[in-house]
Amino acid sequence: MFHKNVLTSLGSVSPQQIPDSSPQTSNQPFNRIALVPPGSGAPPQAKPSPLLDFIAIAAPRCSSFFAEAAVLVLVLALLDRFMLKGRMELNWVISAFAISVALLAASILTDFSSRRWLKRH
């Protein structure tokens, strides 16, 4: 069934010219589609493990999460403190910046280590 769709989509043979499931005769040659492994008969490569796929997908997302959390902590913490108290205290500002910088460092570390680990595996 698939070969009929392929041949008609290419425009090489009309559906009327394709023989049904009758045996092949010498006056009606029929070309078949065959799957050939890549690398001229070389054995197929092993699939990567699901853990490797999971890390490849999750690492950039975790890195992005840490970066977004850093910005949100900084902005929302300072806004909340200012709206609540009406003034900024130096130790509150320093702690908000420290948390934000720590989250940004976690973002960079996660991204760097995941890329390095994926290149090795």
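No experiment lies behind these values; they were computed from the predicted model shown.

**A look at a nonpolar patch on the surface**
Working step 1: Residues Val71, Leu72, Val75, Leu76, Leu79, Phe82, Met83 and Met88 make up a contiguous nonpolar surface patch of roughly 790 Å² in combined accessible area.
Working step 2: With respect to the helices and strands, the residue methionine 88 is situated in the loop between helix H2 (50-85) and helix H3 (90-120).
Working step 3: For methionine 88, a relative accessible area of 39% puts it in the partly exposed group.

**Here's the deal with the packing of aromatic side chains**
Working step 1: Evaluated as defined, the whole model comprises one aromatic pair.
Working step 2: For the ring pair phenylalanine 65 and phenylalanine 66, a centre distance of 5.8 Å and an interplane angle of 55 degrees mean the geometry is tilted.
Working step 3: By relative accessible area, phenylalanine 65 is classed as exposed at 54%.

**As for the side chain of serine 100**
Working step 1: Tracing the chain through its elements places serine 100 in helix H3.
Working step 2: Excluding residues within four positions of it along the chain, serine 100 makes contact with Ala70 and Leu74.

**Observations concerning H3**
Working step 1: For H3, with 31 residues, the first-to-last C-alpha span of 45 Å sits near the 45 Å given by 1.5 Å per residue.
Working step 2: Within the sequence span of H3, burial applies to Val93, Ala96, Ser100, Leu103, Ser107 and Ser114.
Working step 3: Of the surrounding secondary structure, the elements contacted by the buried residues of H3 are H2.

**Comments concerning the pattern of salt bridges**
Working step 1: For the coordinates displayed, the defined rule picks out two salt bridges.
Working step 2: Between arginine 81 and glutamate 89 there is a salt bridge; the shortest N-O distance is 2.9 Å.
Working step 3: Among the ionic pairs, arginine 115 bridges to aspartate 111, the shortest N-O distance being 3.4 Å. A residue pair is termed a helical-turn pair when its members lie 3 or 4 positions apart in one helix, as arginine 115 and aspartate 111 do in helix H3 at four residues.
Working step 4: When its relative accessible area of 54% is taken as the criterion, arginine 115 is described as exposed.

**Focus: the nonpolar core**
Working step 1: Judged by nonpolar contacts, Leu74, Ala77, Leu78, Val93 and Ala96 together constitute the single largest core of five residues.
Working step 2: Of all elements in the fold, only H2 and H3 reach the threshold of two or more residues within this core.
Working step 3: The element best represented in this core is H2, accounting for three residues.
Working step 4: In this view, alanine 77 contacts Leu72, Trp92 and Ala96; residues no more than four positions away in its chain are not counted.

**Remarks on the confidence of the model for the protein**
Working step 1: When pLDDT is averaged across the protein, the result is 75; 64% of the residues are at 70 or more.
Working step 2: Averaged pLDDT values over the elements of the protein bottom out at 51 in helix H1 (residues 2-10) and peak at 88 in H3.

**So, the packing of H2 against H3**
Working step 1: Between H2 and H3, whose axes approach to 9 Å, the crossing angle comes to 170 degrees. When the interaxial angle is binned, H2 and H3 end up roughly antiparallel.
Working step 2: Looking at the contact of H2 with H3, its residues break down into 23 nonpolar, five polar and two charged.

What counts and how
Residues numbered from 1 in each chain as written. Predicted model: local features only at pLDDT ≥ 70, side-chain atom pairs only at ≥ 80, totals over all residues. Heavy atoms only, no water. Patch = residues over 30% accessible without salt bridge, like charges linked within 9 Å, V, L, I, M, F, W, Y side chains within 5 Å. Areas by Shrake-Rupley, 256 points an atom, 1.4 Å probe, with all protein chains shown as cover. Salt bridge = Lys/Arg side-chain N within 4 Å of Asp/Glu carboxyl O. Helix = DSSP H or I, 4+ residues; strand = E, 2+ residues; numbered from the N terminus. Buried < 20%, exposed > 50% of the residue type's maximum accessible area, 1.4 Å probe, protein only. Phe/Tyr/Trp six-rings, centres within 6.5 Å; stacked < 30°, edge-to-face > 60°. Contact = heavy atoms within 4.5 Å. Expected span 1.5 Å × (residues − 1). Core = buried A, V, L, I, M, F, W, Y, C linked by side-chain atoms within 4.5 Å. pLDDT = per-residue confidence, 0-100. Axes fitted to C-alpha atoms, helices over the stretch in contact; angles between N-to-C directions. Parallel < 35°, antiparallel > 145°, perpendicular 65-115°, else oblique. Nonpolar A, V, L, I, M, F, W, Y, C, P; charged D, E, K, R; others polar.

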